[in-house]
Amino acid sequence: MNRFSTFKSAGLIFALLLLAGCTQNQTKQAYGGAVPELPVEVVKQDTAILTQTYAASIEGVTNVEIRPQVSGYLEKILIDEGAYVKAGQVLFQIENSVYREQYNNSLANLTTAKIDFDRKKELLKSKIVSDLQVQQAEAIYKGALSQAELSKINLNFCTIKAPVSGYISRIPFRLGSLITPTTQDPLTFLTDISKINAYFSLSEADYIRFQNQYDGNTLEQKLTNIAAVKLLIADGQEYELPGKIDAIDGQFNKTTGSITLRAKFDNPKSLLRSGNTGKIVITQKYNDVILIPIASTLFMQDKVFVFSVDKQSNAVQLPIEVAGKSGNNYIVSGGIKAGDTYIISGFERLQPGSPIIQKTATQNFKTTK
């Protein structure tokens, strides 16, 4: 090594020592000229309860479009918007004079066809008519019977009844409106809200963690073991009854990368309606995870840091990976491990690499379960 290289190396070492000295001097100045004595704690593993919320859309267990099966003028509206109706109750009446006339004509044709068929069966015994003529009469009779049944169905369709019990939605039509089976808007919606379904989505990573925490070899077994969930309604209040996740979509959405789950809630007071929004609250339990008090971390430039202590009692600023929150603690998935030492508090003016005096924490930071 030549003299210039030796001089260059010596200068670099001197600069590093000078920088370290400046850092320590800055820390000493910040703490009144003394090496700070700060409380430390050993990183431990414990059980964490992680609460997560997911946006949810709410629907009644049955949400039926009420549509006409025949064309005609709306003659009667027998219910009001928002009313509760029972299955089988008449909702609308379509003017039926045309369909009643068609039915009466079909009955007359059926009677004539039946008389002719019976007459030819008797004549066949005397060989006055052939088997072919009887078969033709029978075919005409069956056609008339089918036409009569179809006419009766169309006549009955003029009376529109509730297929299920539930609440009536808005009715966009008025008396005298011409309605057809191809009309774009339904007559109304009928919603059974005795129970409601809340639909929400999980990302692929959340879903994997979610299903791995429950026992069972099949999806059906896991669904049985899933704990009850809560529902936060639009004003942030907690709905009074717990719900149960009872169904999971068969595939992930390729666009969003998420999968939809369904939670069912009893709704005896009809507090929830189709179209409501809310948030599903899922509580998940994690065993043997690293917990760091949130108060013992720094947040800078979208990253979370904690001050650790090396073997020489120097402060080391470490970025950590946060998987979630459990009470007043972060659930840490990387950046620091069990057995490491971290500074609990008093590090706000501390510079990385500065020496500290470690002291036992006077306050025991317990995990929140």
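Since we're looking at a predicted model, the values are computed, not measured. Throughout this document, residue positions are counted from 1 along each chain, in the order its sequence is written. Predicted model: local features are reported for residues with pLDDT of at least 70 only, side-chain atom pairs are reported and counted for 80 or more only, and whole-chain, interface and lining totals are derived from all residues. Water and hydrogen atoms were dropped before computing side-chain values, which therefore reflect all heavy atoms in the structure.

Caption draft 1: Main features of the overall build of the chain. Where helices and strands are cited, they refer to DSSP runs of H or I of at least four residues and of E of at least two residues respectively, numbered from the N terminus. Secondary structure summary: the chain contains five helices and 19 strands in total. Looking at the chain as a whole, 34% of its 369 residues qualify as buried. Within the chain, residue pairs in contact and separated by at least 24 positions form 74% of the contacts whose partners lie at least 6 positions apart. Counting only carbon and sulfur atoms, one obtains 52% of the accessible surface of the chain, whose full area is about 22000 Å². Buried residues are those whose accessible area, probed at 1.4 Å on protein chains only, stays under 20% of the maximum for their type, while exposed residues exceed 50% and partly exposed ones sit between those limits. The contact criterion used throughout is that any non-hydrogen atoms of two residues lie within 4.5 Å. Residue-level accessible areas treat just the shown protein chains as cover; the underlying method is Shrake-Rupley with a 1.4 Å probe.

Caption draft 2: Spatial organisation of the pairing of strand 1 (residues 37-42). When DSSP finds at least two bridges between two strands, those strands are taken to pair. Of the pairings in the sheet, the one linking strand 1 to strand 19 (residues 357-360) comprises four bridges and is parallel in character. Residue pairing for strand 19: E37 is matched across the bridge by I357. Where strand 1 lies against strand 18 (residues 341-343), three bridges are found, and the strand directions are antiparallel. Across the sheet, E41 pairs through a bridge with Y342, a residue of strand 18.

Caption draft 3: Structural detail: the confidence of the model for the chain. pLDDT expresses, on a scale from 0 to 100, how confident the predictor is about each individual residue. Averaged over all residues, the pLDDT of the chain is 86; the fraction at 70 or higher stands at 89%. Here residues 3-20 is modelled with pLDDT under 50, and outside its nearest four sequence neighbours on either side it reaches one contact, counting other chains as well.

Caption draft 4: Main features of the packing of aromatic side chains. Ring pairs are drawn from Phe, Tyr and Trp, using the six-membered ring of Trp, whenever the two centres fall within 6.5 Å, and their geometry is named by plane angle: stacked under 30 degrees, edge-to-face over 60, tilted for the rest. Under the counting rule described, the total for this entry stands at six aromatic pairs. Note on Y207 and F252: the rings are 5.8 Å apart at their centroids and 75° apart in plane angle, and the pair reads as edge-to-face. Linking Y207 in helix 4 (residues 204-212) with F252 in the loop between strand 11 (244-248) and strand 12 (258-266), this pair joins segments that are 45 residues apart in sequence. Relative accessible area serves as the criterion here: at 10%, Y207 is assigned to the buried category. You can call F252 partly exposed: its relative accessible area is 29%. Seen from their ring centres, Y239 and F265 are 6.1 Å apart, and the 75° between their planes marks the pair as edge-to-face. On the criterion of sequence distance, the pair formed by Y239 in the loop between strand 10 (230-233) and strand 11 and F265 in strand 12 is long-range, its members being 26 residues apart.

Caption draft 5: Representation of helix 2 (residues 97-125). Between the first and last C-alpha of helix 2 there are 43 Å, a value that for 29 residues agrees with the 42 Å anticipated at 1.5 Å per step. Taken together, the buried positions of helix 2 are Y99, Y103, S106, L110, A113, F117 and K120. For helix 2, the elements touching its buried residues are helix 3 (131-157). To estimate how far a helix should reach, multiply one less than its number of residues by 1.5 Å.

Caption draft 6: Representation of the sheet that holds strand 8 (residues 178-179). Spatially, the four strands line up as an open sheet ordered 6-5-3-8, and their pairing is antiparallel. A strand with exactly one partner marks an edge of an open sheet, and here the two such strands are strand 6 (159-161) and strand 8. Bridging between strand 3 (residues 72-77) and strand 8 involves two bridges; their strand directions are antiparallel. For G72, the partnering residue across the bridge sits in strand 8 and is I179.

Caption draft 7: How the structure looks around the environment of D266. Inspection of the secondary structure assignment puts D266 in strand 12. It is 9.6 Å that separates the C-alpha atoms of D266 and K244, two residues lying 22 residues apart in sequence. Discounting residues that sit within four places of it in the chain, D266 has contacts with S194, K195, Y239 and L241. Of note is the side chain of D266, whose polar atom sits 2.4 Å from the side chain of K195. Here a polar contact is taken to be a pair of N or O atoms separated by no more than 3.5 Å, where protein atoms must pair a possible hydrogen donor with a possible acceptor and residues adjacent in sequence count only if both atoms sit in side chains.

Caption draft 8: Here's a closer look at the pairing of strand 15 (residues 303-309). The element strand 15 is largely enclosed, with a buried count of six among its seven residues. Where strand 14 (residues 298-300) and strand 15 come together, three bridges link them in antiparallel fashion. Along strand 15, the bridge assignment pairs M300 with K303. Hairpin connection of strand 14 to strand 15: two residues between the antiparallel strands, including Q301 at a positive phi of 50°.

Caption draft 9: How the structure looks around the pattern of salt bridges. By definition here, a salt bridge exists when the distance from a side-chain nitrogen of Lys or Arg to a carboxyl oxygen of Asp or Glu is within 4 Å. Under the counting rule described, the total for this entry stands at 12 salt bridges. Across the pair K125 and E122 runs a salt bridge, and its minimum N-O distance is 3.4 Å. Here the residue K125 and the residue E122 both occupy positions in helix 2, the gap between them amounting to three residues, near one helical turn. A salt bridge links D266 to K195, with the shortest nitrogen-to-oxygen separation between them at 2.4 Å.

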